[in-house]
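So you can see what is in the structure, the chains are spelled out below.
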Amino acid sequence: NGLLVRDGSEKPLAEPLLLVPGLAFFSDGVTRFDDGGAFSWVTMLQSAGNLRVPIEQRSDFMAEITRFSVLPPIEMPQELRIVTRALENPPQLKVRPSQESSWMTQRKLCATVTFEYAGVQVSETHEPAVVHDPRRNEFFRRDRAAEVARLNRLPELGFRPTGSWQKHRWELPPSRLPAVVRALVSEGWRVDAEGKLYRRAGSFQMNVASGVDWFELHGSADFEGQCVEMPQLLKAIARGEHSVRLGDGTYGLLPEAWLKRYRLVAALGKANDGQLRFERHQAGLLDALLAEQPEVTFDDGFARVRQEMATFAGIRAAEAAVTFHGQLRDYQREGLGWLQFLRRFGFGGCLADDMGLGKTVQVLALLDCVERSRPSLIVAPRSLIFNWKQEAARFTPRLRLLDQTGMERMNRWPDIHNHDVILTTYGTLRRDAPLLKDIHFDTIVLDEAQTIKNATTENAKAARLLKADHRLALTGTPVENRLGDLWSLFEFLNPGLLGTATVFRTQIAGKNGSAGGSTDRQADDSIRFLSKALRPFLLRRTKEQVARELPPKTEQTIYCELKPEQRRLYNELRAHYRDALLGRIEQIGIENSRMQILEALLRLRQAACHPGLIDKERLGQSSAKMDSLIPQIAELIEGGHKALIFSQFTSFLDIVRKRLDQEELVYEYLDGRTRDRQACVQRFQEDDRCRLFLISLRAGGLGLNLTAAEYVFLLDPWWNPAIEAQAIDRSHRIGVSSLAIPSKKRFLSCKKRSANLPTPSLPPTMAYWLA
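Residues numbered from 1 in each chain as written. Predicted model: local features only at pLDDT ≥ 70, side-chain atom pairs only at ≥ 80, totals over all residues. Heavy atoms only, no water.

Caption draft 1: Region of the structure containing the overall build of the protein. Within the protein one finds 25 helices and 38 strands. Within the protein, buried positions represent 49% of all 771 residues. Put simply, 64% of the contacts in the protein that link residues at least 6 apart link residues at least 24 apart. When the accessible area of the protein is evaluated, it comes to approximately 38,600 Å², of which 49% is carbon and sulfur surface. (Helix = DSSP H or I, 4+ residues; strand = E, 2+ residues; numbered from the N terminus. Buried < 20%, exposed > 50% of the residue type's maximum accessible area, 1.4 Å probe, protein only. Contact = heavy atoms within 4.5 Å. Areas by Shrake-Rupley, 256 points an atom, 1.4 Å probe, with all protein chains shown as cover.)

Caption draft 2: Layout of the sheet that holds strand 25 (residues 376-380). In space, the 7 strands of this open sheet follow the order 26-27-25-28-29-24-30, with parallel pairing throughout. Edge positions in the sheet fall to strand 26 (401-403) and strand 30 (538-539), since each of these pairs with one other strand and no more. Across 3 bridges, strand 25 lies against strand 28 (residues 440-447) in parallel orientation. Within strand 28, the residue paired with Val379 across the bridge is Leu446. Contacts from helix 15 (residues 484-493) reach strand 24 (349-351), strand 28, strand 29 (467-474) and strand 30, with the element oriented near 145 degrees to strand 29. (Pairing = 2+ DSSP bridges. Axes fitted to C-alpha atoms, helices over the stretch in contact; angles between N-to-C directions.)

Caption draft 3: Just a positive patch on the surface, in detail. A contiguous patch of positive charge on the surface is contributed by Arg382, Arg430, Arg431 and Arg675. As for its position among the elements, Arg382 is in helix 12 (residues 382-395). Look at Arg382 and you get partly exposed, because its relative accessible area is 46%. (Patch = residues over 30% accessible without salt bridge, like charges linked within 9 Å, V, L, I, M, F, W, Y side chains within 5 Å. Salt bridge = Lys/Arg side-chain N within 4 Å of Asp/Glu carboxyl O. Lys, Arg positive; Asp, Glu negative; His and termini not counted. Charge placed at Lys NZ, Arg CZ, Asp CG, Glu CD.)

Caption draft 4: Spotlight on unusual backbone geometry. Phi is positive for Glu448, close to 50 degrees, though the residue is something other than glycine. With respect to the helices, strands and loops of the structure, Glu448 is situated in the loop between strand 28 and helix 14 (458-465). A positive phi is found at Glu664, a non-glycine position, where the angle reads about 55 degrees. Within the fold, Glu664 resides in the loop between helix 22 (650-662) and strand 33 (667-670).

Caption draft 5: The packing of aromatic side chains, seen in detail. Under the defined criterion, the tally for this structure stands at 8 aromatic pairs. Taken together, a centroid distance of 6.0 Å and an interplanar angle of 40 degrees make the contact between Tyr198 and Tyr251 tilted. You can see Tyr198 sitting in strand 15 (residues 196-199) and its partner Tyr251 sitting in strand 20 (residues 251-253), a full 53 residues away along the chain. Take Tyr198 and Tyr251: they sit in the same class, and that class is buried. Taking the centre distance of 5.7 Å and the plane angle of 15 degrees together, the rings of Phe345 and Phe347 count as stacked. For Phe345, a relative accessible area of 24% corresponds to the partly exposed category. Linked through ring pairs, Phe341, Phe345, Phe347 and Phe537 together constitute an aromatic cluster. One Lys or Arg, Lys11, reaches over the ring of Phe26 and ends 5.8 Å from the middle of that ring. In this arrangement the basic side chain of Lys642 is found over the ring face of Phe684, its NZ or CZ atom lying 5.0 Å from the centre. (Phe/Tyr/Trp six-rings, centres within 6.5 Å; stacked < 30°, edge-to-face > 60°. Lys NZ or Arg CZ within 6 Å of the ring centre and 35° of its normal.)

Caption draft 6: Up close: the pattern of salt bridges. Following the criterion strictly, the structure yields 40 salt bridges and no others. Across the pair Glu171 and Arg160 runs a salt bridge whose closest N-O atoms are separated by 3.0 Å. Of the two residues, Glu171 is situated in strand 13 (residues 169-172) and Arg160 in strand 12 (residues 160-162); the sequence distance between them amounts to 11 residues. You can call Glu171 buried: its relative accessible area is 8%. Arg683 is the partner of Asp687 in a salt bridge, and the nearest nitrogen-oxygen pair spans 3.8 Å. Through salt bridges with shared partners, one network takes in Arg85, Asp133, Arg135, Arg136 and Glu138.

Caption draft 7: Structural view of a nonpolar patch on the surface. Taken together, the side chains of Leu17, Leu18, Leu23, Phe25 and Val30 define a hydrophobic patch exposed on the protein surface, amounting to about 450 Å² of accessible area. Its place among the elements puts Leu18 in strand 3 (residues 18-20). You can call Leu18 partly exposed: its relative accessible area is 42%.

Caption draft 8: Highlighting helix 23 (residues 677-686). Those residues of helix 23 not exposed but buried are Arg677, Cys680, Val681 and Phe684. Projection of helix 23 onto a plane perpendicular to its axis shows the buried side chains occupying an angular sector of 95 degrees, all on one side. Against helix 12, strand 32 (643-647), strand 33, strand 34 (692-696) and helix 24 (697-700) lie the buried residues of helix 23. (Arc of directions from axis to C-beta.)

This is the structure we're talking about:
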């Protein structure tokens, strides 16, 4: 029976003169009419009047009711009651390849959605609003608003609706499927993608157990009642997969947070008898990866190691042996204590103090105080060999030192085991690696260890062949260009600590070896992780932190305006290269023109320094930088100061030399061809008449102690600031004895506290860049 109802009053459906969707016309007026979207019921009841259904046909009647897509507000007797069920569980999405895809058309995926009402599955394409539940013999009304809200999520993820309502489906590009599966499963949807039914992740437990000299990772994860053990889980993560096959044939979807958190864990460990194993020196790394994860527990053995790692920063300073000729500064004694900590635990470590803080002396103090049955090996650039010999003779004269360099070194080979310390160069290491790898050393020290920053070089490969109980690296620039430098360094110090080179590059340092990949946040995460993981193995102190007695360093850029003739040459050269390069790039692309671009930049830099670097016939001409330099150094010499002059171009230094000869100025000179470097350094340091030192940036930028200089000139700024800093620190450095320095004198005098050491000269350093 149909009735019109408003505010509790009722009228027969036959009373209106006219009923149309939205309006009802009576004899005395017209009013709005809400048919509930079921106007067909209105016309049927108007024409049929009361509809009578025999009790025995109620099933047939309800079957007809369930065929309507829309029902009006209807009151039913108890025997025909229609209940309302809520859509409690998220829907199920089934994804399959489209039947319409072919080799001529782009492959597509089609999807259908099914809703669940208390165990009853209802397809989104099922039109009726009322559904029969045969198990309970109950009819229920669907929650259309909730269904639409769920379906609205699909277009946001890239689905496109196609077809009529009765044959409705969703289409999706295959490339979007992984993201769709991850998003919907995380929201509780059950996703059946191309035959794979995915389950949502639940709880996750992990435990670190300690062995004799290793740690193992145990654990399991739950996916809606299906359990997966740690080995299978971490293997899937290590392979880069986003899901893991479960025991019932379904797939557990790995949350993005798990992948981010444990991908590195899986990559850095080694599979062993179904578990993931880590070396003892990876304890700090494992702690950095897992310490803040609430689902991880640790046994007592690992907890003790964590405590030892956590307290290493508080290691007590150590005193040098009584045989050590000198007095270490406080921070140097702390460095000695740290070196002994590494030795006690069998770890390799990098002493990365700023240039000039006495890394050589700290290592010599360590070698002097340990008992050994095997010789130690020190590998250094050729330019530093004399410095090691000089420092060892000065501070540790009891150490028997063997200089294993030069053409006569093979004659000294049988005598290696009769010495305490063997000195060699990186070049000799490459050549003698087949022989050196068969000797088991007590300690191996790589000085200026950034030499092996590229893991593919012969230097790095030869260093990794060496055998030793203890390994040390010395460098003021452990990261010279990119985070990738660290892998090669620590692969020598603690093999396997940072995983394979590929793992480190892709998981930690980013595709190009820069911090963390493509985003600033990833870079920050990588730096924080490395900082914590490498903290026990890397000690770095800056001059500002530990050498407060060191005078200040002032830096200034002097801009040199090109004179008309030099400017004309520079502009002509720039125009030539611009035209040549633009044409070449247009023809073969910028990637294939890199060498020509670098050559152009080099020539322009040379033209800015001096025309003679481009054209030898112009050697006699002046240049802006030369005209700025000569008055500066003349003034310094007149004031009684000494200065270092660096250039990467030895040909430019030759031009400077000729000009200094014309001015009758006394100087020393050093480049890669200089053999007696010690004599050059000694003359500059001790001869008051020699106030200038011309030095090739690459040949003399490290390993020299030139503390007599107060000023440093860099004639052509280098692209890498670390190289420039090394050059400046040839003069801005200190020795071993503790010093007391007055603060209000231009020329600082030093009071010696150790009678065994000569008084070092510690003038303030002024660094100039000529641009």
